[in-house]
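Analysis of the macromolecular model
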Amino acid sequence: MSSAWHTSGLLVVLMVLAVSVWAEEIKEKTCDVTGDENSESRTEKALLKKLEPLSQMRFNTTVELGTTENYTYHFRVCREIDSSLHDLAGLVQIDRKTGKTTVIGRINETQVFNGSDWIMLIYKGGDSYGRHCSGEKRRAVIMISCKRGFTASSFSIVSEEREKEQECFYLFEMDSSVACPAEDSHLSVGSILLITLVSLIAVYIVGGFLYQRLVVGAKGMEQFPHFAFWQDLGNLVADGCDFVCRSKPRNAPAAYRGVGDDQLGEESEERDDHLLPM
């Protein structure tokens, strides 16, 4: 019995190890900045995090130069083009005639830096040149420019510099909002204060209403917070306005007489004369 339990336990351990290895294999690799891990700057790490929204996207462009060069380029941001190959290729070139695949740059040799409205991503460690550039390894330079409103667009190749003895590279460009600087707030101090005041008033009314209704048990207009106070305040304001706006004392006699007042008075006296005793 103990032998069976031992065998079952061993199988479970082996299955767990197999699943762990499988999960590690299918997990996609990300950009590794060139150099020792301890030498990575905060700026580089922040830029790689800023590029994360592009990591799940794939970019392609096709270039045909005469009859000899007809290529398709595949690019991913800090991810492998094909994780099953385990070649860490982040940008590859495919010859559309022969089907040959050439790695232009790998994500395990990454450089990244930026300016005010652009980010430069560099993949090094590509396949070696043949007779060009002294046989050094290929390198891809991707210029990501700011374009608000677009997560990514317009991926294309600009040129290939391979006529030098060293430091040859492929230059690509694309547009993305991730390269844009943070927009400054256009709200003035007065607008911010007004928004704050309105928010506080809303919290006061809603919170007071809920307290009066749920805790105090008030009904009708009594649910309004401090209803009696605001009612008295309204009366006081009305009295104050009445006091300030009136330009004469309340008990002062009228400064005018109605039209025909004199005539009406005289007529009344004449009409009463015949009632006096003779």
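From a predicted model like this one, the values you see are computed outputs, not experimental measurements. (Residues numbered from 1 in each chain as written. Predicted model: local features only at pLDDT ≥ 70, side-chain atom pairs only at ≥ 80, totals over all residues. Heavy atoms only, no water.)

Concerning the overall build of the chain
Counted only if it meets this: Here a helix means four or more residues in a row that DSSP labels H or I, a strand means two or more in a row labelled E, and each is numbered from the N terminus. Exposure classes here rest on a 1.4 Å probe applied to the protein chains alone. A residue is buried below 20% of its type maximum, exposed above 50%, and partly exposed in between. Any two residues whose heavy atoms approach within 4.5 Å are treated as being in contact. Here the open area of atoms and residues is found with the Shrake-Rupley method and a 1.4 Å probe, where only the protein chains shown may cover a residue.
Scanning the chain for helices and strands turns up 5 helices and 8 strands. When the elements of the chain are put in sequence order from the N terminus, they spell out α-α-β-β-β-β-β-β-β-β-α-α-α. Burial statistics for the chain: of 278 residues in total, 25% are counted as buried. Nonlocal contacts in the chain, meaning residues at least 24 apart in sequence, comprise 48% of its contacts between residues at least 6 apart. For the chain, the accessible area works out to roughly 19700 Å², and carbon and sulfur atoms hold 59% of it.

As for helix α2 (residues 42-50)
Basically, it comes down to this: The arc in question is the one traced by the directions running from the helix axis out to the C-beta atoms.
For α2, the set of buried residues is Glu44, Leu47 and Leu48. Buried positions in α2, seen along its axis, are confined to an arc of 100° and lie on one side of it. In α2, the exposed residues that point more than 90 degrees away from the buried face are Arg42 and Lys49. Structurally, α2 contributes buried residues whose contacts are with β4 (101-114) and β5 (118-125).

Considerations on the UniProt feature "transmembrane region" (unreviewed entry) in the chain
Note the cut-off: UniProt positions are given in the numbering used here, feature names are shortened, and annotations may be inferred rather than shown by experiment.
UniProt records the feature "transmembrane region" (unreviewed entry) at residues 187-211, using the numbering of this structure. Within residues 187-211, the helical portion is 92% and the strand portion 0%, while the C-alpha atoms at the span's ends are 34 Å from each other.

Considerations on the pattern of salt bridges
Under the convention used in this document: Each reported salt bridge corresponds to a side-chain nitrogen of Lys or Arg within 4 Å of a carboxyl oxygen of Asp or Glu.
Here the structure, examined in full by the defined rule, presents 5 salt bridges. Arg79 is paired through a salt bridge with Glu52; the nearest N and O atoms lie 3.6 Å apart. Highlighted residues: Arg79 in the loop between β2 (69-76) and β3 (89-95) and Glu52 in the loop between α2 and β1 (58-65), separated in sequence by 27 residues. Owing to a relative accessible area of 34%, Glu52 belongs among the partly exposed residues under this scheme. Ionic pairing is found between Arg106 and Asp127, a salt bridge with its closest N-O pair at 3.4 Å. Of this pair, Arg106 sits in strand β4 while Asp127 sits in the loop between β5 and β6 (140-146); the two residues are 21 residues apart in sequence, bridging distant segments of the chain. By relative accessible area, which is 18% here, Arg106 ends up buried.

Quick look at the layout of surface pockets
To be explicit about the condition: Residues are said to line a cavity or pocket when one of their atoms sits within 4 Å of a point; the points come from a 1 Å grid over protein atoms alone, cavities being sets where a 1.4 Å probe fits but cannot get out and pockets being open sets with protein on both sides within 12 Å along at least five of seven lines. Grid points are joined across faces, edges and corners, and a volume is the space filled by probe spheres set on the points. Residues were grouped as follows: Ala, Val, Leu, Ile, Met, Phe, Trp, Tyr, Cys and Pro as nonpolar; Asp, Glu, Lys and Arg as charged; and all remaining residues, including Gly, as polar.
Estimated volume of the largest pocket: approximately 320 Å³. Tyr71, Gln93, Lys100, Arg138 and Arg162 are, among the 15 residues lining the largest pocket, the residues nearest its centre. Those elements that place two or more of their residues in the lining of the largest pocket are β2 and β3. Along the lines of polarity and charge, the residues of the lining of the largest pocket split into 3 nonpolar, 4 polar and 8 charged.

As for the side chain of Arg139
Here is the rule we go by: Here a polar contact is recorded for every N or O atom pair within 3.5 Å, except that within protein the pair must consist of a potential hydrogen donor and a potential acceptor, and residues adjacent in sequence are included only if both atoms are side-chain atoms.
Here Arg139 shows up in the loop between β5 and β6. In terms of polar contacts, Arg139 uses its side chain to reach the side chain of Glu167, at 3.2 Å.

Let's talk about the nonpolar core
Going by this rule: Buried Ala, Val, Leu, Ile, Met, Phe, Trp, Tyr and Cys residues that are joined via side-chain atoms within 4.5 Å together make up what is termed a nonpolar core.
The biggest cluster of nonpolar side chains holds 33 residues, and the ones touching the most others in it are Leu51, Phe75, Leu91, Tyr123 and Ile142. Elements represented by at least two residues in this core include exactly α2, β1, β2, β4, β5, β6 and β8 (169-176). Sequence-distant contacts of Ile142, defined by excluding residues within four places in its chain, comprise Phe75, Leu91, Ile119, Met120, Leu121, Tyr123, Phe172 and Met174.

Examining the confidence of the model for the chain
We count it as follows: What pLDDT conveys is the predictor's confidence in a given residue, as a value from 0 to 100.
Residues of the chain with pLDDT of at least 70 account for 77%, and the chain-wide mean is 81. Contacts of residues 18-25 to residues separated by more than four positions or lying in other chains number 2 contacts, the stretch itself having pLDDT below 50.

Focus: unusual backbone geometry
If you check the backbone angles, Cys133 has positive phi at about 50° while not being a glycine. At Glu167, a residue that is not glycine, the phi angle is positive and equals roughly 60°. Note on placement: Glu167 falls in the loop between β7 (153-161) and β8.

Quick look at the packing of aromatic side chains
Selection rule: We call Phe, Tyr and Trp rings a pair once their centres come within 6.5 Å, taking the six-membered ring for Trp, and we label the pair stacked below 30 degrees between planes, edge-to-face above 60, and tilted otherwise. When the NZ atom of lysine or the CZ atom of arginine is within 6 Å of a ring's centre and also within 35 degrees of its normal, the charge is said to sit over that ring.
Going through the model one piece at a time under the given rule, you end up with 10 aromatic pairs. An angle of 5° between the planes, with centres 5.5 Å apart, marks the rings of Phe155 and Phe172 as stacked. Separated by 17 residues along the polypeptide, Phe155 in strand β7 and Phe172 in strand β8 bring together distant segments of the chain. Like Phe155, the residue Phe172 is buried in the burial classification. Members of the aromatic cluster, joined through ring pairs, are Phe59, Tyr71, Tyr73, Phe75, Tyr123, Tyr129, Phe155, Tyr170 and Phe172. One cation-aromatic arrangement involves Arg138 over Tyr129; the distance from NZ or CZ to the ring centre is 4.5 Å. For Lys147, the ring lying beneath its charged end belongs to Phe150, and the centroid distance is 4.5 Å.

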